[in-house]
Amino acid sequence: MQLYNLKHPSQEVNFSQAVQLGLGKDRGLFFPKSIPVLNNIDDLLAMPFAERSKKVLGAWLANELGQDNVDGLVDNAFTFEAPLAEVDYHRSCLELFHGPTLAFKDFGARFMAQCVNLLSADKGLTILTATSGDTGAAVADAFYGLDKVQVVVMYPKGKISELQEKMFTTLGKNIHTVAVNSDFDACQHLVKQAFDDAEVREGLALNSANSINISRLLAQICYYFEAIAQAKKAGHENFVVSVPSGNFGNLTAGLFAKAMGLPIKRFIAATNSNDTVPRYLENGDWAPHDTVATMSNAMDVSEPSNWPRVEAICQQMGWPLSDITGLALNELQTSEALKNLYQLGYQSEPHAAIAAQGLRQLLAKDEYGIFLGTAHPAKFKDVVDRELQVDLPLPPELEAVANKPILSVELDADFSQLKSHLFATLR
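Residues numbered from 1 in each chain as written. Predicted model: local features only at pLDDT ≥ 70, side-chain atom pairs only at ≥ 80, totals over all residues. Heavy atoms only, no water.

Under an unreviewed UniProt entry, the name given to the protein is Threonine synthase, and the organism recorded is Shewanella holmiensis. Quoted verbatim from the Catalytic activity (unreviewed entry) field of the UniProt record, the comment on the protein reads "O-phospho-L-homoserine + H2O = L-threonine + phosphate". Its UniProt record, at the heading Pathway (unreviewed entry), says of the protein: "Amino-acid biosynthesis; L-threonine biosynthesis; L-threonine from L-aspartate: step 5/5." (UniProt positions renumbered as here; feature names shortened; annotations may be inferred.)

The structure is reproduced here in structure tokens:
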């Protein structure tokens with residue numbers, strides 16, 4: 001698999017190098033020179049999830065890693081299901097929260113950890129990543145206890161749910177967490193500054209586990225195939241997928257799946273009040289506003305890092321950006337969307353509710369809608385309990401950490417502070 005840097009196309013790497021570097025020169029994203037097309041889609045969709053995923057990922061990676069290694073990566077990473085739950089006659093939710101940290105990012109983080117373990121077995125490295133919620137827990141769980149890997153997770157202090165926070169800030173050992181006195185975009189900027197600093201990047205052997213890492217995106221392609229497989233088995237067709245969107249890695253993976261031949265008609269990019277992309281799709285003006293804190297905090301991103309990949313896929317495939325429909329909901333609309341699902345008998349959380357509302361507003365009569373359920377409702381217990389007047393029980397995974405102490409260090413959004421902390425902690 002050959003990839004190039006979107007900012008500096010002359011920089012080319014293979015998959016192994018892309019995984020270990022994370023970002024290219026000048027923080028450029030790595031993008032595949034070609035996208036494999038699968039011709040036996042119906043046969044693939046008839047397979048079980050793990051077996052199909054080996055074929056899907058093998059199309060990208062078998063030539064470089066060997067199919068046996070690809071099979072092993074999948075067997076070790078994808079150990080849980082992604083059921084498609086019917087909500088009403090024209091919509092279903094792909095539930096991506098049945099992994100160990102109850103969020104869709106378990107798929108990408110666990111696959112990346114297996115890739116790093118395979119490709120960097122004799123090297124020590126540092127994973128530095130920012131999270132707006134679920135990335136932190138998924139990455140921490142995936143890399144916890146690996147001898148050769150130190151993990152540093154930064155998150156905006158007070159802007160993620162307490163249960164989200166406790167899933168990754170209570171572990172210790174090789175998992176180090178930093179609460180930043182700012183928003184997610186500031187955390188993400190600190191990560192980029194660290195990669196730009198040669199002393200930090202080379203001295204600590206930096207890598208990133210955000211959705212900027214290509215291994216995570218490839219893993220996420222697989223559950224789009226699973227969604228369509230289950231929907232076709234139920235007799236549906238003409239699929240529209242609504243994606244709750246923050247950093248836009250999830251939508252990128254869906255577009256890769258479509259480019260490989262998966263029969264998805266179109267996508268809805270559903271956001272909260274941080275609506276940079278919906279406004280851009282409407283008027284062509286890329287104009288990020290200051291990030292606004294919302295109840296759907298994992299989507300509180302004003303400058304999504306993966307958007308250049310979205311445009312690169314569309315350009316490579318000859319698709320107009322108008323094939324992606326943007327939708328943004330404010331807080332009142334998010335609350336109403338959450339209540340609407342609950343009235344239908346489906347217990348959800350704010351991010352999925354926004355995506356579900358996208359289908360409710362934009363789905364044509366001859367289309368079938370699938371929206372992504374990216375986190376277990378109990379990860380947002382405070383919000384869900386307040387909005388729906390319920391008392392959600394905690395699943396065992398959350399109950400186990402609810403009373404543990406948070407081990408984070410608090411820092412300002414200042415790179416010099418972060419740099420000093422990293423060297424003091426990791427050297």
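Once you've had a look at it, read on.
**Q** Help me out: how do you make sense of the side chain of Thr169 in this one?
**A** With respect to the helices and strands, Thr169 occurs in helix H7 (residues 162–169). Within the structure, Thr169 has its side chain in polar contact with the backbone oxygen of Glu165 (distance 2.8 Å). Not counting residues up to four positions away in its chain, the partners in contact with Thr169 are Tyr155, Thr177, Pro405, Ile406, Leu407 and Ser408. (Helix = DSSP H or I, 4+ residues; strand = E, 2+ residues; numbered from the N terminus. Polar contact = N/O pair within 3.5 Å; in protein donor to acceptor, adjacent residues only side chain to side chain. Contact = heavy atoms within 4.5 Å.)

**Q** Quick question: what am I supposed to make of helix H5 (residues 105–119) here?
**A** Residue pairs spaced three or four apart in an α-helix point in one direction, given the helix's 3.6 residues per turn. Across its 15 residues, H5 extends 21 Å between first and last C-alpha, which sits within 8% of the 21 Å expected from 1.5 Å per residue. Burial of H5 is extensive: 12 of the 15 residues sit out of reach of the surface. Along H5, the positions that sit buried rather than exposed are Lys105, Asp106, Phe107, Gly108, Ala109, Arg110, Phe111, Met112, Ala113, Cys115, Val116 and Leu119. (Expected span 1.5 Å × (residues − 1). Buried < 20%, exposed > 50% of the residue type's maximum accessible area, 1.4 Å probe, protein only.)

**Q** How should I be thinking about the sheet that holds strand S7 (residues 149–156) in this particular structure?
**A** For sheets, the rule is that strands pair by backbone hydrogen bonds, running either parallel or antiparallel. The strand order across the open sheet formed by 5 strands is S9-S6-S7-S8-S14, and the pairing between neighbours is parallel. Edge positions in the open sheet fall to strand S9 (206–207) and strand S14 (409–411), since each of these has one partner strand only. Pairing of strand S8 (residues 175–180) with S14, which is carried by 3 bridges, proceeds in the parallel orientation. What sits directly across from Val178, in S14, is Val409. Against the sheet, helix H6 (residues 134–143) makes contact with strand S6 (125–130), S7 and S8, and its axis sits at roughly 160 degrees relative to S6, the strand it touches most. Strands S7 and S8 of the sheet are contacted by H7, whose axis makes an angle of about 160 degrees with S7. (Pairing = 2+ DSSP bridges. Axes fitted to C-alpha atoms, helices over the stretch in contact; angles between N-to-C directions.)

**Q** For this particular structure, what's the right way to read the UniProt feature "modified residue: N6-(pyridoxal phosphate)lysine" (unreviewed entry) in the protein?
**A** Using the residue numbers shown here, the UniProt feature "modified residue: N6-(pyridoxal phosphate)lysine" (unreviewed entry) corresponds to Lys105. Turning to its location among the elements, Lys105 is positioned in helix H5. Lys105 gets classed as buried once you look at its relative accessible area, which sits at 13%. Apart from residues lying up to four places away in sequence, Lys105 is in contact with Asp134, Thr135, Ala138 and Arg216.

**Q** Help me understand the sheet that holds strand S10 (residues 239–244) in this model?
**A** Read from one edge of the open sheet, 6 strands run S4-S5-S13-S10-S11-S12, paired in mixed fashion. Each edge of the sheet is formed by a strand with only one pairing partner; in this case those strands are strand S4 (84–88) and strand S12 (324–328). Adjacent strand axes in the sheet meet at a mean angle of 25 degrees, parallel and antiparallel pairs treated alike. Its contacts with the sheet place helix H11 (residues 249–259) against S10, strand S11 (264–271), S12 and strand S13 (368–373), and it is angled at close to 175 degrees to S11.

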